[in-house]
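An overview of the molecular structure
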Amino acid sequence: MSEHYIEFDKVRKSYGSGEAQINALSDASFHINKGEFCVLLGSSGAGKTTLLNMLGGMDTVTSGKIHFDGKEISSLNKKELVEYRRHDVGFVFQFYNLVPNLTALENVEIAAQLCKNPIPASDALDMVGLSDRKDNFPAQLSGGEQQRVAIARALAKNPRLLLCDEPTGALDYVTGKSVLKLLYDLSKKQGTTVIIITHNQAISPMADRVIRIKSGEIQTNEVNVNIVPIDEIEW
């Protein structure tokens, strides 16, 4: 059993075989503690999304082990992985993936209906500052508001782990900063472990922990001693 909340132990992910084999991750080892706001940095093709998909139970390891809160999720079968994704993990993507013909409230309610101890959809929208936009459809919302709905949808599951894949990638600078501040504040207020993958090195000073990945290999895993508020970060 791992002593850390999240631990990758020599995790490898390969595609193909023989000379055509590609290693998306090579012996990746690192840990993350409970309640941390973690930034996973790397350029396009570095292996960030592969890593996130395996931690989120959407992909399987070729070798190595992944532990989450004392459970080895890399050994779970398909049915157990569905339960893990449903009850423990919230996902936020670069593109919001909202259902266009449902209101903001209805989009969030879909997620809340799937899990054991959900946060009421209206409360989740309140948490992201959209209490007055609950009856609006996605097309009536700005990009930043749509991303906030997507975050509320993830939060409604009351997840222990929130995985965010380039959550500000489709947003302008000001809106992106406000979304990052929202995610950081939620981490601290809710005690949720938040992992953000990004290529934007400028946001690393706001994180509790920064993990750098290059060509499928973990380069560094560092704890920030002096955290800089997102309001003071420029890029």
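Residues numbered from 1 in each chain as written. Predicted model: local features only at pLDDT ≥ 70, side-chain atom pairs only at ≥ 80, totals over all residues. Heavy atoms only, no water.

**A short note on the overall build of the chain**
For the record, the criterion: Each helix is a run of DSSP H or I of at least 4 residues and each strand a run of E of at least 2, with the numbering of both proceeding from the N terminus. Computation of the radius of gyration draws on C-alpha atoms, with the globule rule given as 2.2 Å multiplied by the number of residues to the power 0.38. Three exposure classes are used, based on accessible area relative to the maximum for each residue type with a 1.4 Å probe and protein chains only: buried under 20%, partly exposed in between, and exposed over 50%. The criterion used for residue contact is that any of the two residues' heavy atoms lie within 4.5 Å. Here Asp and Glu are counted as negative and Lys and Arg as positive; His is not counted, and neither are the chain ends. Charged side chains are reduced to one point each, which is NZ for Lys, CZ for Arg, CG for Asp and CD for Glu.
Secondary structure summary: the chain contains 6 helices and 10 strands in total. Its C-alpha atoms give the chain a radius of gyration of 17 Å, within 12% of the compact-globule value 18 Å for 235 residues. Within the chain, the fraction of its 235 residues that count as buried is 51%. Within the chain, counting contacts between residues at least 6 apart in sequence, those at least 24 apart form 71% of the total. Each charge class in the chain can be summarised by its mean position, and for the 25 positive and 29 negative side chains these summaries are 4 Å apart.

**Some thoughts on the sheet that holds strand β6 (residues 89-92)**
Rules: Any two strands are treated as partners once DSSP identifies two or more bridges connecting them. Comment: axis = line fitted to C-alpha atoms, over the contacting stretch for helices; angle = value between 0 and 180 degrees taken between N-to-C directions.
Spatial ordering of the open sheet is given by β6-β7-β8-β3-β9-β10, a layout of 6 strands whose pairing is mixed. Of all strands in the sheet, those with a lone pairing partner are β6 and β10 (217-223), marking the two edges. The average angle at which neighbouring strand axes cross in this sheet is 15 degrees, direction not considered. Bridging between strand β7 (residues 161-165) and strand β8 (residues 193-198) involves 5 bridges; their strand directions are parallel. Of the residues in β8, the one forming a bridge with Leu161 is Thr193. Strand contacts of helix α5 (residues 143-156): β6 and β7, with the helix running at about 170 degrees to β6, the strand carrying the most contacts. In this fold helix α6 (residues 173-190) packs onto β3 (37-41), β7 and β8, with an angle of close to 135 degrees to the strand it touches most, β3.

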